[in-house]
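Residues per chain, in single letters:
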Amino acid sequence: MDRFESLALKMAFGLMVVFFVALVGLICFTDFPPFKEGKVIQKGEKEYEVHLLARMWAFQPNRIEIPAGSKVTIYTTSIDVQHGFEIEGKAVNLMTIPGAVNKMEVVFNKPGTYRIVCNEYCGVGHPAMYGEIIVK
Ligand code: CUA
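Predicted model only: the values in this text are computed from it and were never measured.

What counts, and at which threshold
- One numbering rule holds for all chains: residues counted from 1, following each sequence as written.
- In keeping with the predicted nature of the model, local features appear solely for residues at pLDDT of at least 70, side-chain atom pairs appear and are counted solely at 80 or more, and the whole-chain, interface and lining totals rest on all residues.
- Side-chain metrics rest on all non-hydrogen atoms present in the structure, leaving aside hydrogens and water.
- Throughout, nonpolar core names a set of buried Ala, Val, Leu, Ile, Met, Phe, Trp, Tyr and Cys residues whose side chains join them through atoms within 4.5 Å.
- Exposure is judged per residue with a 1.4 Å probe applied to protein chains only, and the accessible area is read against the type maximum: over 50% gives exposed, under 20% gives buried, and values in between give partly exposed.
- Secondary structure follows DSSP: runs of H or I at least 4 residues long count as helices, runs of E at least 2 residues long count as strands, and numbering of each begins at the N terminus.
- Note on contacts: a residue pair is in contact if any heavy atoms of the two residues lie within 4.5 Å.
- Whenever a carboxyl oxygen of Asp or Glu lies within 4 Å of a side-chain nitrogen of Lys or Arg, that contact is scored as a salt bridge.
- Whenever a nitrogen or oxygen atom comes within 3.5 Å of another N or O atom, the pair is scored as a polar contact, on the condition that within protein one atom can donate a hydrogen and the other can accept it, and that pairs from neighbouring residues in sequence are kept only if both atoms are in side chains.

Draft legend 1. Up close: the nonpolar core. Counting residues in hydrophobic clusters, the biggest one holds 23 residues, and the most contacted among them are Phe59, Ile66, Val72, Phe85, Ile87, Phe108 and Ile133. For this core, the secondary-structure elements that each account for two or more residues are strand E2 (47–55), strand E4 (63–66), strand E5 (70–78), strand E6 (83–87), strand E7 (92–96), strand E8 (102–108), strand E9 (112–117) and strand E10 (130–135). When residues in this core are grouped by element, the largest group, four residues, is from E2. Ignoring any residue separated from it by four or fewer positions in sequence, one finds Phe59 in contact with Leu52, Leu53, Ala54, Gly84, Phe85, Ile116, Val117, Cys118, Met129, Tyr130 and Gly131. Residues Phe35, Leu53, Tyr75 and Val101 belong to the second largest nonpolar core, which totals five residues.

Given below as structure tokens:
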């Protein structure tokens, strides 16, 4: 075997190990177990935890009301297929994956209605899968 072939093989194997470890980390090391019900929990004056459940073809809860200036920690999962979770006007774009929980923190300073959109094709009801966050 050529010296460079051997090096290329070692590098390819190394990359496979890196991807595998990253994937396992993504799936196993969420500090939050998957849940079966969506809810909003107030943690402080302007601090909320949202457990957002995606299913065909709705988000639960699908209407969230919070005061302006709130810091929201979002935990999201799916109980059926993979969905998307995007908040229009915010840099939030997560996947909701059955069996795993994705987490993100977001601050809502500006009052308004922020639409939640499923941006991952999930079946016939996909184009109508919406929710909203109302910031007052
Ligand atoms: Cu859920 Cu597309």
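So, next bit.
Draft legend 2. Broad picture of the pattern of salt bridges. Tallied over the entire structure, the rule returns five salt bridges. A salt bridge links Lys43 to Glu49, with the nearest nitrogen and oxygen atoms 3.7 Å apart. Since its relative accessible area comes to 13%, Glu49 is described here as buried. Linking Arg63 and Glu65 is a salt bridge whose minimum nitrogen-to-oxygen distance equals 2.6 Å. For Arg63, a relative accessible area of 49% gives the class partly exposed. Because the salt bridges share partners, they merge into one network encompassing Arg63, Glu65, Glu132 and Lys136.

Draft legend 3. Layout of the side chain of Glu49. In this structure, Glu49 sits in strand E2. Within polar-contact distance, the side chain of Glu49 engages the side chain of His51 at 2.8 Å. Residues contacting Glu49, with those up to four places away along its chain left out, are Phe32, Lys39, Val40, Ile41, Lys43, Thr73 and Tyr75.

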